[in-house]
Amino acid sequence: MGDLAGKKSLIMNLKDRYAVFGQPIAHSKSPVIHQIFARQTGQSLEYTAQEVPAELFSTAAKIFFSQGGKGLNCTVPLKELAWAFADHKTGRAQLSKAANTLSVQADGSILGDNTDGCGLVRDLIINQAVTLKGTRILILGAGGASRGILAPLLEQSPQSIVIANRTVYKAISLADEFQGKGSITGCGFNDLSHSQFDLILNATSASLSDRLPPLEAGLLAENGICYDLAYGDTPTPFVRWGWENHAFKSLDGLGMLVEQAAEAFFIWRGVRPETRPVIELLNLERRKNQD
Ligand code: ATR
């Protein structure tokens, strides 16, 4: 019996360890998503969620990796710290100045990547059949979330991207950083009157406090799409704004969450899991909880 328990614990210890760090983290769906991916692809791994405040991030990450941890996801408010922690960065992490995925390399160094923008674009194009080429895109907010999605969106050759932000200079300076990669401008919310957009992305943190950026009616073109990078158990204020303004689709960031996780899983394990059944499952659970 003792021998069996010993063997079992040895097998447990052999499992590759991954985790998500953030604060708050209690409601994170990442452990469930990665466990489903692991089952689906026949991979043996452990993925846990750990509440880590910003001031303890560096220590917690060092401990995690020194104890053999293979990879970390980092969420609010740790993505910029994770970027600074990484010894090397991928091109997309370098551009976004934030990392949501850290991986141990063969030489023990830590590589920082950012899979958020790729997750958003995959959700829009593959899952939602949205065309980005030639479209007019409005991004609300000029913080870390906006920065992370700009390069992957610009790669899809939209006609134009406008960044609107409450603090106007931040939108202008973020747009300036990406000049030369496409048509991109920054402005305040008041400067948007008479403009129309095919896709409006909410990358402000307003949804987290159940608020909405100040948006005039008429901003959304006919058959336009609204997409909130945030997600919740109930529709966010921006998703509701999309419905009220006759959006063709008004979506939240659940699909992006699953897609960014799949990209991290691919980086770590070298296999790409199927995302659609996971998105469907999480949507179903959400609907059940609403009833
Ligand atoms: P994140 O990493 O989630 O992007 P952040 O870098 O703190 O977080 O950026 C938050 C963004 O949401 C900012 O663009 C912020 O606008 P300001 O730059 O003017 O602060 C925006 N934001 C937060 N609450 C908002 C609200 N109630 N209305 C409009 N914009 C809001």
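Since we're looking at a predicted model, the values are computed, not measured.

**Observations regarding the overall build of the chain**
Phase 1: Within the chain, the secondary structure is distributed over 11 helices and 12 strands.
Phase 2: Seen through its C-alpha atoms, the chain measures out along the principal axes to roughly 75 × 45 × 30 Å.
Phase 3: The burial tally for the chain puts 49% of its 291 residues in the buried class.
Phase 4: Of the contacts formed within the chain by residues at least 6 apart in sequence, a portion of 65% connects residues at least 24 apart.
Phase 5: With an accessible surface of roughly 14,300 Å², the chain has 53% of that area assigned to carbon and sulfur atoms.
Phase 6: Taking the average place of the 28 positive charges on the side chains of the chain and the average place of its 29 negative ones, the gap between the two points comes to 4 Å.

**Comments concerning the site of the ligand**
Phase 1: Around the ligand sit 14 residues, and of these Ala 142, Ala 145, Asn 165, Arg 166 and Thr 167 come closest.
Phase 2: Gly 144 has a polar backbone atom sitting 3.0 Å from an oxygen atom of the ligand.
Phase 3: Ser 205 places a polar main-chain atom, nitrogen or oxygen, 3.0 Å from an oxygen atom of the ligand.
Phase 4: For the ligand, the accessible surface in isolation is 650 Å², of which the surrounding protein chains cover 74%.
Phase 5: Considering only residue class, the shell around the ligand consists of 4 nonpolar, 7 polar and 3 charged.

**Thoughts on helix α11 (residues 276–290)**
Phase 1: The end-to-end C-alpha distance of α11, which contains 15 residues, comes to 21 Å, matching closely the 21 Å that a straight helix rising 1.5 Å per residue would cover.
Phase 2: Among the residues of α11, those classed as buried are Val 278, Ile 279, Leu 282 and Arg 286. Looking down the long axis of α11, one finds its buried residues gathered within 100 degrees of arc, a one-sided arrangement. Away from its buried face, by an angle of more than 90 degrees, α11 presents the exposed residues Glu 280 and Lys 288.
Phase 3: Buried-residue contacts for α11 involve α2 (30–41), α6 (116–127) and α10 (254–269).

**What to know about the packing of aromatic side chains**
Phase 1: For the structure shown, the criterion picks out 9 aromatic pairs.
Phase 2: When the centroid spacing of 6.3 Å and the interplanar angle of 85 degrees are considered together, the rings of Phe 21 and Phe 57 count as edge-to-face. You can see Phe 21 sitting in strand β1 (residues 16–22) and its partner Phe 57 sitting in helix α3 (residues 57–66), a full 36 residues away along the chain. One exposure class covers both Phe 21 and Phe 57, and it is buried.

**Observations regarding the domain arrangement of the chain**
Phase 1: According to the domain assignment, the chain consists of domain 1 (2–114) and domain 2 (117–255).
Phase 2: Each of domain 1 and domain 2 has a C-alpha centre, and the two are 29 Å apart.
Phase 3: Overall, the association of domain 1 and domain 2 removes approximately 710 Å² of surface from exposure, summing both partners, and the carbon and sulfur fraction of that is 59%.
Phase 4: For the domain 1 face of the interface with domain 2, the top three residues by lost area are Lys 29, Leu 95 and Ser 96, together amounting to 58%.
Phase 5: Seen at the junction of domain 1 and domain 2, the total is 1 salt bridge.
Phase 6: Here the element with the most residues in the side of domain 1 that touches domain 2 is helix α5 (residues 91–96); it accounts for 3 residues.
Phase 7: Of the residues belonging to the side of domain 1 that touches domain 2, the class tally is 1 nonpolar, 2 polar and 4 charged.

**Observations concerning the pattern of salt bridges**
Phase 1: Under the criterion given, the structure shown has 11 salt bridges.
Phase 2: In this structure, the salt-bridge partner of Asp 116 is Lys 79, at a minimum N-O distance of 2.7 Å. In this pair, Asp 116 is assigned in helix α6 and Lys 79 in helix α4 (residues 79–85), connecting sequence segments 37 residues apart.
Phase 3: The class for Asp 116 is buried, based on a relative accessible area of 11%.
Phase 4: The partly exposed category is assigned to Lys 79, whose relative accessible area is 22%.
Phase 5: Across the salt bridge formed by Glu 177 and Arg 147, the nearest N and O atoms sit 2.8 Å from each other.

**Comments concerning the nonpolar core**
Phase 1: Counting residues in each nonpolar core, the largest one holds 28 residues, and the members touching the most others are Leu 120, Ile 139, Leu 153, Ile 161, Ile 163, Leu 201 and Tyr 227.
Phase 2: Elements that contribute at least two residues to this core include exactly α6, β7 (136–140), α7 (144–154), β8 (160–164), α8 (168–177), β10 (197–202) and β11 (220–228).
Phase 3: For this core, the element with the highest residue contribution is α7, accounting for 5 residues.
Phase 4: If sequence neighbours within four positions are ignored, Leu 153 has contacts with Leu 120, Val 121, Leu 132, Ile 137, Ile 139, Pro 158, Ile 161 and Leu 201.

Analysis parameters
Residues numbered from 1 in each chain as written. Predicted model: local features only at pLDDT ≥ 70, side-chain atom pairs only at ≥ 80, totals over all residues. Heavy atoms only, no water. Helix = DSSP H or I, 4+ residues; strand = E, 2+ residues; numbered from the N terminus. Buried < 20%, exposed > 50% of the residue type's maximum accessible area, 1.4 Å probe, protein only. Contact = heavy atoms within 4.5 Å. Areas by Shrake-Rupley, 256 points an atom, 1.4 Å probe, with all protein chains shown as cover. Lys, Arg positive; Asp, Glu negative; His and termini not counted. Charge placed at Lys NZ, Arg CZ, Asp CG, Glu CD. Near = heavy atom within 4 Å. Polar contact = N/O pair within 3.5 Å; in protein donor to acceptor, adjacent residues only side chain to side chain. Nonpolar A, V, L, I, M, F, W, Y, C, P; charged D, E, K, R; others polar. Expected span 1.5 Å × (residues − 1). Arc of directions from axis to C-beta. Phe/Tyr/Trp six-rings, centres within 6.5 Å; stacked < 30°, edge-to-face > 60°. Domains from an automatic or database assignment. Buried area = accessible area lost by both parts, 1.4 Å probe. Salt bridge = Lys/Arg side-chain N within 4 Å of Asp/Glu carboxyl O. Core = buried A, V, L, I, M, F, W, Y, C linked by side-chain atoms within 4.5 Å.

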